[in-house]
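# Geometric and topological summary
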Amino acid sequence: KKIFEEIEKRASENQTKSISIAQRTNKFNWLVAASITVTVISCALSGYFWSKWKNAEGQLISMQQENQIFAQNANYIIDSSQLILQEKNQYFTFVTDTATTKVILKGLPISPSSVALVFWNKNTKEVFLDVKSLPIPPAGMQYQLWALDNGVPIDAGVFDLVNSGNLQKLKSINSAQAFAVTLEKDGGSPTPTMEMIHILGAI
């Protein structure tokens, strides 16, 4: 009887120990699973927020670049506007100067509807041309302004119609009684082609 009681006691103790070990194993497994889950979630969140941060950083850089380009364009527009305004003021001062003479060049039979204005300052000797109307020249041809001083033609420079309607500065002229425009080959001519005089005006 004592032997059987001892066997049952030891069997009971072994069963209790097995249950305790099993409980500890289950608790350990749960902690491992929980830690793995937390790690996976942390990595996922880290990747998500890193991606968001990189996108935000890229957008910030892009915005900074756009702002820089916008600022450069704005400065360019401001500078260009200031230059244009300064140029317009210079033209206005020149044209309204009492020493500046305005000469109206009217069309001859070769180009009866052509008109241009020449502004010549007797003090500074500067010459500005304002083309109102001239036919588009053929390819390889260019208009040339002449100052007539005591009947002698003096080259005042070639010009294009691209800036038609705006004042164009040409060569300075010391003395003149009239101005004329001829059609010459590209680059101009040392002497005017008389039959190609399109407009003429006397001071």
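Preceding this paragraph is the structure being described.
Residues numbered from 1 in each chain as written. Predicted model: local features only at pLDDT ≥ 70, side-chain atom pairs only at ≥ 80, totals over all residues. Heavy atoms only, no water.

One pass over the full model with this rule turns up three aromatic pairs. Centre to centre, the rings of Y143 and F159 are 6.0 Å apart; their planes meet at 15°, and the pair counts as stacked. Of this pair, Y143 sits in strand β4 (residues 141-149) while F159 sits in strand β5 (residues 152-159); the two residues are 16 residues apart in sequence, bridging distant segments of the chain. A relative accessible area of 3% means that F159 is categorised as buried. (Phe/Tyr/Trp six-rings, centres within 6.5 Å; stacked < 30°, edge-to-face > 60°. Helix = DSSP H or I, 4+ residues; strand = E, 2+ residues; numbered from the N terminus. Buried < 20%, exposed > 50% of the residue type's maximum accessible area, 1.4 Å probe, protein only.)

Quick look at the pairing of strand β3 (residues 127-133) now. Across the seven residues of β3, five count as buried, placing the element largely inside the fold. As paired elements, strand β2 (residues 115-121) and β3 share six bridges and run antiparallel to each other. When the sheet's bridge partners are listed, A116 is paired in β3 with V131. Linking β2 to β3, which pair antiparallel, is a turn of five residues; within it K125 sits at a positive phi near 70°. Relative to strand β6 (residues 167-169), β3 runs antiparallel, the two being bridged by three bridges. Its bridge partner lying in β6, D130 is registered against L167. (Pairing = 2+ DSSP bridges.)

This part covers the pairing of strand β7 (residues 178-185). Burial analysis of β7 places seven of its eight residues in the buried class, which makes it a mostly covered element. One ladder, built from eight bridges, connects β4 with β7; its direction is antiparallel. For A147, the partnering residue across the bridge sits in β7 and is F179.

The next subject is the nonpolar core. Ranked by internal contacts, the top residues of the largest apolar core, which has 21 residues, are L105, V118, L145, F159, I173, F179 and V181. Within the residue set of this core, elements represented by two or more residues are β1 (100-107), β2, β3, β4, β5 and β7. Not counting residues within four places of it along the chain, the set of residues in contact with F179 comprises V103, L105, V118, W120, L145, W146, A147, I173, I199, L200, G201 and I203. Y91, F94, F128 and L167 belong to the second-largest nonpolar core, a separate cluster that totals six residues. (Core = buried A, V, L, I, M, F, W, Y, C linked by side-chain atoms within 4.5 Å. Contact = heavy atoms within 4.5 Å.)

Take I154: it is sitting in strand β5. Spatially, the C-alpha atoms of I154 and I173 are 8.1 Å apart, while their sequence positions differ by 19 residues. I154 has contacts with L145, W146, A147, D149, I173 and S175, leaving out every residue within four places of it along the chain.

Our focus in this paragraph is unusual backbone geometry. Its identity is not glycine, yet K125 carries a phi of approximately 70°, on the positive side. In this fold, K125 is placed in the loop between β2 and β3. Positioned with a positive phi, N150 is a non-glycine residue whose angle comes to about 55°. Looking at where N150 falls in the secondary structure, it is placed in the loop between β4 and β5. You can call N150 exposed: its relative accessible area is 68%.

A word on the sheet that holds β3. The strand order across the open sheet formed by eight strands is β5-β4-β7-β8-β1-β2-β3-β6, and the pairing between neighbours is antiparallel. Pairing within the sheet leaves two strands with one partner each, and these edge strands are β5 and β6. Shown here is a sheet whose adjacent strand axes are inclined to one another by a mean of 25°, direction ignored. Here β7 pairs with strand β8 (residues 197-202) via five bridges, running antiparallel. Each bridged residue has a counterpart across the sheet, and for F179 the counterpart in β8 is G201. (Axes fitted to C-alpha atoms, helices over the stretch in contact; angles between N-to-C directions.)

Side chains carrying opposite charge are able to pair once their charged atoms draw close together. Throughout the structure, instances matching the rule amount to three salt bridges. Between D130 and K132 there is a salt bridge, with the nearest N and O atoms lying 3.0 Å from each other. Since its relative accessible area comes to 8%, D130 is described here as buried. With a relative accessible area of 49%, K132 lands in the partly exposed category. (Salt bridge = Lys/Arg side-chain N within 4 Å of Asp/Glu carboxyl O.)

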